[in-house]
Amino acid sequence: RDRVNTELLRDLPANTPLKMQDLKASALVRRGQQVTVAVGGEGKGFLITVKAEAQQDGLLGEQIRLKNPESGRSLTAVVTGVNMARGL
């Protein structure tokens, strides 16, 4: 398993060997944070980005609920990076 986008479950002393059971996946999106959501036509030459508020935490690849602060409407997106998502 890759160690990218992970965090330690507990503090470890210096020079302690790192084991996979010491790690957990990191939430790249946190509830209440502003998320950049990309919506577009792949292969169609356009991409629209909007800012939305995360309604829940999300790991890489997870579907999360977001809220557009201007319209108040909810949307669903897939987490693609730190505070970034792709609209469905």
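What comes next is a walk through the structure. Small disclaimer: the values here were computed from a predicted structure and weren't measured.

### Some thoughts on the overall build of the protein
Each helix and strand counted, the protein has zero helices and seven strands in total. If you list the helices and strands of the protein from N to C, you get β-β-β-β-β-β-β. Its C-alpha atoms give the protein a radius of gyration of 16 Å, more than 25% over the compact-globule value 12 Å for 88 residues. In terms of its C-alpha atoms, the protein occupies a principal-axis envelope of roughly 50 × 30 × 15 Å. Of all 88 residues assigned to the protein, the portion counted as buried reaches 23%. Considering only contacts within the protein whose residues lie at least 6 apart along the sequence, 30% involve residues at least 24 apart. When the accessible surface of the protein is totalled, it reaches about 6,300 Å², and 48% of it is carbon and sulfur.

### Points about a nonpolar patch on the surface
There is a patch of nonpolar side chains on the surface, built from Val39, Phe46, Ile48 and Val50 and spanning about 320 Å² of accessible area. When residues in the nonpolar patch are grouped by element, the largest group, three residues, is from strand E4 (residues 46–54). Its place among the elements puts Phe46 in strand E4.

### Considering the nonpolar core
Within the largest apolar cluster, eleven residues are counted, these being Leu28, Val29, Val35, Val37, Ala52, Ala54, Ile64, Leu66, Ala77, Val79 and Ala85. Going through the elements one at a time, strand E3 (34–41), E4, strand E5 (63–67) and strand E6 (74–81) are the ones with two or more residues in this core. Among residues more than four places away in sequence, those in contact with Val37 are Ile48, Thr49, Val50, Ala52, Leu66, Leu75, Ala77, Ala85, Arg86 and Gly87.

### Quick look at the pattern of salt bridges
Tallied over the full model, the rule gives one salt bridge. Across the pair Arg30 and Asp57 runs a salt bridge, and its minimum N-O distance is 3.8 Å. Of this pair, Arg30 sits in the loop between strand E2 (23–25) and E3 while Asp57 is found in the loop between E4 and E5, placing the two residues 27 residues apart along the sequence.

Reading the values: rules and limits
- The residue count restarts for each chain, going from 1 along the sequence in the order it is written.
- In keeping with the model being predicted, local features are shown solely for residues with a pLDDT of at least 70 and side-chain atom pairs are shown and tallied solely at 80 or more, while totals for entire chains, interfaces and linings include all residues.
- By convention in this description, side-chain values take in all heavy atoms of the structure and omit both hydrogens and water.
- The way it works is that DSSP assigns letters per residue, a run of H or I at least four long becomes a helix, a run of E at least two long becomes a strand, and they are numbered from the N terminus.
- For the radius of gyration, the atoms used are the C-alpha atoms, and the globule rule reads 2.2 Å times the number of residues raised to 0.38.
- Note on classification: 1.4 Å probe, protein chains only; a residue is buried when its accessible area is under 20% of the maximum for its type, exposed when over 50%, partly exposed between these limits.
- The contact definition used throughout considers only heavy atoms, calling two residues in contact when any of these lie within 4.5 Å.
- With residues, only the protein chains shown are counted as cover, and all accessible areas are computed by Shrake-Rupley using a 1.4 Å probe.
- Patches here are clusters of residues that have more than 30% relative accessible area and form no salt bridge, with a 9 Å joining cutoff for like charges and a 5 Å cutoff for nonpolar side chains (Val, Leu, Ile, Met, Phe, Trp, Tyr).
- The rule for a salt bridge is simple: a side-chain nitrogen of Lys or Arg has to be within 4 Å of a carboxyl oxygen of Asp or Glu.
- Take the buried residues of types Ala, Val, Leu, Ile, Met, Phe, Trp, Tyr and Cys, join any two whose side-chain atoms come within 4.5 Å, and each joined set is a nonpolar core.

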